[in-house]
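# Descriptive structure summary
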There are 2 protein chains.
Amino acid sequence: VAPAQSLTIPGGVHAEGENRQRTLRLVVAYDGTSYCGWQTQPDAPTVQGILTRAARALDPHARLTGASRTDAGVHALGQVASLSTITTLSPNAVGRALNATIPADIRVLSAAEARPGFDARREATGKHYAYLVDCQPVAHPFLRRFAWHIPQRLDPHAMREALATLRGCHDFSAFCAAPGRGALPTCTIRTTHMVCRRGRLWFVISADRFLHHMMRNIVGSVVAVGRGSHEPSWLGTVLRSGDRTLAAPTAPAHGLTLIRVLYQG
Amino acid sequence: VAPAQSLTIPGGVHAEGENRQRTLRLVVAYDGTSYCGWQTQPDAPTVQGILTRAARALDPHARLTGASRTDAGVHALGQVASLSTITTLSPNAVGRALNATIPADIRVLSAAEARPGFDARREATGKHYAYLVDCQPVAHPFLRRFAWHIPQRLDPHAMREALATLRGCHDFSAFCAAPGRGALPTCTIRTTHMVCRRGRLWFVISADRFLHHMMRNIVGSVVAVGRGSHEPSWLGTVLRSGDRTLAAPTAPAHGLTLIRVLYQG
């Protein structure tokens with residue numbers, strides 16, 4: 001006789017229900033090309049929508065929160081999501097069950113037990129974003145989904161100098177898609193890196209938080225400096241102005257990848 | 001008055017025709033995912049078919065020969081094609097004109113004037129092929145079109161040792177899809193490399209020529225050694241047997257990329 005086990009539906013929900021709520025922490029990677037971003041929308045394919053549907057096959061009341069609401073076409077290698085569920089499956093089994101039903105361009109890289117109530121969005125203490133630019137004369141066909149193609153020599157020294165002026169705690173309204181609306185415009189950029197290799201450029205920025213379109217707006221303006229349209233010091237001038245209309249056009253979404261989300265401890 | 005120019009149709013064919021035949025050497029890269037290989041087929045999308053159609057918009061009698069007839073799903077970063085044409089456009093303008101009409105997953109990286117009658121296939125003196133294996137527990141979504149996913153630890157030392165036994169001039173019938181048919185089974189493998197980094201493996205082989213499926217059959221058998229199914233010396237035994245049925249199953253097409261084609265001088 002095994003009374004405890006008899007209450008468990010294999011691979012599914014525990015019969016006692018309510019009091020078995022738990023939270024899993026998922027690390028998710030995706031090629032965002034085919035999706036209208038992270039956040040669930042009624043009639044469009046989104047990463048959160050796909051993952052939530054898969055999670056609800058295990059537990060109809062599962063809830064999923066992502067650390068970052070990436071835009072349409074933006075990719076992730078280390079998106080973090082909190083999954084609130086009453087499934088009794090092990091974290092690894094949940095990861096495998098999700099990967100078995102979602103398309104190959106979205107993958108749950110890992111699943112782990114988290115503190116009950118863990119919120120991937122509210123508790124994030126920082127993020128790393130990377131932006132890839134392909135500067136070869138002809139666009140590399142393997143990179144066409146992941147890089148902004150600019151068939152032009154960009155000045156690496158000027159761009160590195162410009163990027164560095166953004167480090168520290170500032171009001172980033174000038175690089176925000178909808179400044180003034182909602183959240184505080186203050187962010188702390190902890191590190192900026194630019195790696196230049198074989199005609200490709202990676203911009204990597206680590207900050208405590210990012211405003212809407214902030215990374216893409218920064219890259220757009222840094223590239224304007226690299227093209228020689230502005231001096232490196234111009235980026236600081238734009239930043240201090242707080243005026244979105246002074247910055248260069250937003251860089252396209254498909255060059256952007258969420259690399260990592262940071263948490264305390 | 002400019003009589004010579006008046007005979008030229010802008011961007012197109014020279015009116016004198018026949019006696020202006022020239023040969024261009026194109027370097028072509030492609031993501032082969034959407035194509036039924038290189039070679040033109042009546043009712044299927046192929047890379048040669050797409051490029052020939054684009055070239056015939058410039059010159060209805062253009063002929064295109066590729067150095068390697070890559071299989072369905074195989075990629076290229078350095079395929080070489082000879083284009084026989086009477087167009088009067090500069091090589092660079094031909095490259096730009098082709099890229100303007102073909103899909104983004106095929107790119108002409110460069111176009112140069114070649115000796116009249118240059119044949120990219122017959123004159124090739126060697127080729128480099130690379131094969132990518134993704135050994136992470138979960139398949140990387142960015143690599144799913146370009147790597148064979150084997151979620152298992154493979155023994156790098158055993159695989160390197162096995163690969164090295166293939167160097168030199170041998171009868172490769174044991175690794176040929178259809179041995180005995182057509183061409184000579186003798187090839188010279190000049191170098192073999194295996195690069196192992198961050199859970200990914202690259203196999204790179206340089207040879208004077210490759211038999212049909214040879215690279216994929218070699219990788220399939222090297223991976224069998226890496227899995228521990230066979231000792232490293234087994235690869236030499238298979239090679240010497242000349243018996244295709246002894247080798248392991250063929251590795252999937254989508255991990256394979258034609259890297260470079262070599263020519264004299």
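Summary of the structure given here. Small disclaimer: the values here were computed from a predicted structure and weren't measured.

## Points about the packing of helix H4 (residues 156-164) of chain B against helix H5 (residues 214-226) of chain B
All names here are of chain B. Contact geometry of H4 with H5 gives a least axis separation of 8 Å together with a crossing angle of 140 degrees. In terms of orientation, H4 lies oblique with respect to H5. Of the two possible hands of crossing, H4 and H5 adopt the one that is right-handed. In contact with Ala158, Met159, Ala162 and Leu163 of H4, H5 contributes Ile218, Val222, Val223, Val225 and Gly226. For the contact of H4 with H5, the per-class residue count stands at eight nonpolar, one polar and no charged.

## A short note on the pattern of salt bridges
All names here are of chain B. According to the stated counting rule, one finds ten salt bridges over all chains in the structure shown. Among the ionic pairs, Arg22 bridges to Glu113, the shortest N-O distance being 2.8 Å. Note that Arg22 is positioned in strand S1 (residues 22-30) and Glu113 in strand S4 (residues 106-114), a separation of 91 residues in sequence. Of the residues examined, Arg22 reaches a relative accessible area of 15% and is grouped as buried.

## So, the relation of the copies chain B and chain A
Once chain B has been moved 0.0 Å along the axis and rotated by 180 degrees, it coincides with chain A to within an RMSD of 0.0 Å. Taken together, these values place the two copies in the relation of a two-fold axis. In terms of proximity to the rotation axis, the leading residue of chain B is Phe142 of chain B, whose C-alpha is 4.9 Å off the axis. Mapped onto chain A, 100% of the interface residues of chain B are again interface residues, and the two copies thus contact each other with one and the same surface.

## Quick look at a positive patch on the surface
A contiguous patch of positive charge, built from Arg197 and Arg198 of chain A together with Arg197 and Arg198 of chain B, is present on the exposed surface. Position of Arg198 of chain B among the secondary structure elements: in the loop between strand S8 (186-197) and strand S9 (200-207). Looking at Arg198 of chain B, the relative accessible area reads 70%, which means it is exposed.

What counts, and where the lines are drawn
Residues numbered from 1 in each chain as written. Chains lettered and ligands numbered in written order. Predicted model: local features only at pLDDT ≥ 70, side-chain atom pairs only at ≥ 80, totals over all residues. Heavy atoms only, no water. Axes fitted to C-alpha atoms, helices over the stretch in contact; angles between N-to-C directions. Helix = DSSP H or I, 4+ residues; strand = E, 2+ residues; numbered from the N terminus. Parallel < 35°, antiparallel > 145°, perpendicular 65-115°, else oblique. Left-handed = near helix turned anticlockwise from the far one by under 90°. Contact = heavy atoms within 4.5 Å. Nonpolar A, V, L, I, M, F, W, Y, C, P; charged D, E, K, R; others polar. Salt bridge = Lys/Arg side-chain N within 4 Å of Asp/Glu carboxyl O. Buried < 20%, exposed > 50% of the residue type's maximum accessible area, 1.4 Å probe, protein only. Least-squares fit on C-alpha atoms with pLDDT ≥ 70 in both. Patch = residues over 30% accessible without salt bridge, like charges linked within 9 Å, V, L, I, M, F, W, Y side chains within 5 Å. Areas by Shrake-Rupley, 256 points an atom, 1.4 Å probe, with all protein chains shown as cover. Lys, Arg positive; Asp, Glu negative; His and termini not counted. Charge placed at Lys NZ, Arg CZ, Asp CG, Glu CD.

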